[in-house]
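Here's the letter readout for the chains.
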Amino acid sequence: MATILCVEDEDALREDLVEELEDEGYDVLSARNGEEGLKIISENKNLDLVLSDISMPIMNGFELLKQVRENEATFADIPFVFLSALSDRDQILEGKKLGVDDYVIKPVDFDLLFATLATRVRQISKIKQKQEKEMVALYKALSPEEQREQAASLKPSSQPQALQPQNNKPVKAPSTSSSQPPQLPETGKLVTGRFQLLGLDKLKAKLNNKTDKYMSTLQTVIQKVVSKNLSPEDVCKIGDDHEMMICFAKLSEEEAAYKIESIKREIWIKVLGEEDYQEELSINSQVYEIEVKEEEYANAKDPWDLIQDRINKAAAAAEERVDIFMSEILERAEVRFTKLQNTEGKPLPISVVTFDRFGQEKLNSINQVIKKEDPRCLVIEGSYIGQTIAYMIANLSDMAAGVVLKISYQLCINKKEFENALGLLEKLPTVARDRMIIAITDTPPKLHLSQLSDLMMRVRPFCKMGMTEFQLEMPSDQNFEMIGASILMLDFHEATALIKHSKPAFIQAVKTLRLKKKKMLITNVPSNQIEICKKLGANFIDVRSE
């Protein structure tokens, strides 16, 4: 059964809680304040949930939660349920910001408490089972021979690894002592790619005693995938922390980029599953055509260091292009207001705010060079929000009923930029807030509704109503009411694909929306597909400019 830590300063209530929880079948530890609770948490690695009061001496519940989230890596995601007589909005907001999972208000309704705890414990159990399945799936990704090798030796080598492709011809992968670097073509140009797994430290903290076995298996699977995708003439070097460089003998820069993406995709599926560990672990990659003089290549102490240096310079040049694009966007791009329609094709008194064509083209250029989650893209979005506000203030007398302002989820989870964005929204006069609808866009698949709820709670004071993207991968039994958004957005292509391949799931999702009195906006609708939106159950549509 699950182990629960009960932190409560009232002796009588703490004793009652411990007794009731033990009668319910839980293993229970107890503490009189946050300081005692923190000590118990650090000493008990099998803890499943913390039930804590808020107002306590020495260290209160908020301080305990903050200490655990920031300093106890093993328990960074452990569920926290607050037990308190403090039920006002400010207390709830403070807990949400710190990552509290649920509240139970005093005097304690034990039936409600048990139901709340059972739900959270089931979630933890599913996560643990999922991790076990991931380990099994990863292990099965190896051949029987490789499984035996893994069983014989769990510690990964700290030296760069030489890869063998499927045709058994050796691939030159330099180690610190014997392997040879790639041959330099007569053109003096090498098409090189590199990628690396990011977030390993966070993953290791979660794995605990399984770390060595998982990392060893991880390295073997990566080697297997990469070697399968290399030609006999390609050369690869794997260094510490799974950093990899590949020199492609016969591919262009575009072809190499496609090959690297294919390798990444295969590694992702074999090692992480289709969508697992998205927040904890990612694969960063770059591909460049670099130029090296024959003389300096021949005289280099380690040609791989020279290749690495050229890759770094190519990456720096790409970064410089991004800075130029950003400057042009901030100086010259303007916001554009696109009218929405209903499913009858009649215009609505609401506009969607986007960049003008110049700004959009520059954004597309940036997206070809850097990842969408790059913080510099958030700077652009922050400026975009500022431009929208300035436009509204200057043109309120000519504006229609409302403006939908899109804010990327990536901006929202970047604390500094999100606070800057909220600061811009705070400058709006009341009459502007009454016309503003804020939409959270670019939400990742399978994002839990509680996370969207937290964001909506932050932005709702600044707008007339809230909108958010509706991910159909979300389980249908989730409580959509908790999002706090009046309108849910769905991309046209996602909706049509789902209704084609999984109609029951779509119908169930739409039924849930209807029951919760939610409206649905379908975005990016081609002008010749307006009629189909009626069949998809939309209330409003955003017609895509051709």
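Residues numbered from 1 in each chain as written. Predicted model: local features only at pLDDT ≥ 70, side-chain atom pairs only at ≥ 80, totals over all residues. Heavy atoms only, no water.

**Considering the pairing of strand S15 (residues 487–491)**
Then, in step 1: Counted residue by residue, S15 has four buried out of five residues, so it is predominantly covered.
Then, in step 2: Relative to S15, strand S14 (residues 465–469) runs parallel, the two sharing three bridges. Following the sheet pairing, Thr468 is matched in S15 by Leu488.
Then, in step 3: The pairing of S15 with strand S16 (residues 519–525) spans five bridges and is parallel. In the sheet register, Asp491 faces S16, and the bridge partner there is Thr523. (Buried < 20%, exposed > 50% of the residue type's maximum accessible area, 1.4 Å probe, protein only. Helix = DSSP H or I, 4+ residues; strand = E, 2+ residues; numbered from the N terminus. Pairing = 2+ DSSP bridges.)

**With respect to unusual backbone geometry**
Then, in step 1: Positioned with a positive phi, Ile58 is a non-glycine residue whose angle comes to about 70 degrees.
Then, in step 2: The topology assignment puts Ile58 in the loop between strand S3 (49–53) and helix H3 (61–71).
Then, in step 3: We classify Ile58 as exposed; its relative accessible area is 62%.
Then, in step 4: The backbone phi angle of Asp442 is positive, close to 60 degrees, even though this residue is not glycine.
Then, in step 5: Within the secondary structure, Asp442 sits in the loop between strand S13 (436–441) and helix H17 (449–459).
Then, in step 6: Note on Asp442: relative accessible area 31%, which makes it partly exposed.

**A look at the sheet that holds strand S1 (residues 3–7)**
Either a parallel or an antiparallel arrangement is found when strands of a sheet pair, and the pairing is made through backbone hydrogen bonds.
Then, in step 1: One open sheet accounts for five strands, arranged S2-S1-S3-S4-S5; its pairing is parallel. Each edge of the open sheet is held by one strand with a lone partner, namely strand S2 (27–31) and strand S5 (102–105). Each strand axis lies, on average, 20 degrees off the axis of its neighbour in the sheet, ignoring direction.
Then, in step 2: Pairing between S1 and S3: four bridges, direction parallel. Pairing of Val7 across the sheet is with Ser52, part of S3.
Then, in step 3: Running over the sheet, helix H1 (residues 11–23) touches S1, S2, S3 and strand S4 (80–84) and is turned about 170 degrees from S2. (Axes fitted to C-alpha atoms, helices over the stretch in contact; angles between N-to-C directions. Contact = heavy atoms within 4.5 Å.)

**Considering the sheet that holds S13**
Then, in step 1: Reading around the circumference, S10-S11-S12-S13-S14-S15-S16-S17 is the order of the eight strands in this closed barrel, with mixed pairing throughout. Strand-to-strand twist across the sheet, computed as the mean angle between neighbouring axes with direction ignored, equals 30 degrees.
Then, in step 2: The pairing of S16 with strand S17 (residues 540–543) spans three bridges and is classified as parallel. Directly across from Ile522, in S17, lies its bridge partner Ile541.

**Considering the pattern of salt bridges**
Then, in step 1: In the structure shown here, the tally under the stated rule is eleven salt bridges.
Then, in step 2: Among the salt bridges present, the one from Glu43 reaches Lys39, with a minimum N-O distance of 2.8 Å. Here Lys39 and Glu43 lie together in helix H2 (residues 34–43), a separation of four residues that amounts to about one turn. Here Glu43 matches Lys39 in class, with each residue exposed.
Then, in step 3: With a shortest N-O distance of 2.8 Å, Glu319 and Arg376 are connected by a salt bridge. Of the two residues, Glu319 is situated in helix H11 (residues 303–332) and Arg376 in helix H13 (residues 375–395); the sequence distance between them amounts to 57 residues.
Then, in step 4: You can call Glu319 partly exposed: its relative accessible area is 32%. (Salt bridge = Lys/Arg side-chain N within 4 Å of Asp/Glu carboxyl O.)

**Re the state of the cysteines**
Then, in step 1: For the coordinates displayed, the defined rule picks out zero disulfides.
Then, in step 2: Cys236 carries a free sulfur, and the closest cysteine sulfur to it, the one in Cys247, is 9.1 Å from it.
Then, in step 3: Take Cys236: its relative accessible area is 0%, and that puts it in the buried class. (Disulfide = S-S within 2.5 Å.)

**Notes on the side chain of Asp48**
Then, in step 1: Mapped onto the elements of the fold, Asp48 is located in the loop between H2 and S3.
Then, in step 2: By relative accessible area, Asp48 is classed as buried at 10%.
Then, in step 3: Polar contacts involving the side chain of Asp48 include one to the main-chain amide nitrogen of Thr3, which spans 2.8 Å. (Polar contact = N/O pair within 3.5 Å; in protein donor to acceptor, adjacent residues only side chain to side chain.)

**A short note on a negative patch on the surface**
Then, in step 1: Together, Glu15, Asp16, Glu19, Glu20, Glu22, Asp23, Glu24, Asp27, Asp109 and Asp111 make up a negatively charged patch on the protein surface.
Then, in step 2: Residue contributions to the negative patch peak at six residues, all from H1.
Then, in step 3: Among the secondary structure elements, Glu22 is positioned in helix H1.
Then, in step 4: Overall, the relative accessible area of 43% leaves Glu22 in the partly exposed class. (Patch = residues over 30% accessible without salt bridge, like charges linked within 9 Å, V, L, I, M, F, W, Y side chains within 5 Å. Areas by Shrake-Rupley, 256 points an atom, 1.4 Å probe, with all protein chains shown as cover. Lys, Arg positive; Asp, Glu negative; His and termini not counted. Charge placed at Lys NZ, Arg CZ, Asp CG, Glu CD.)

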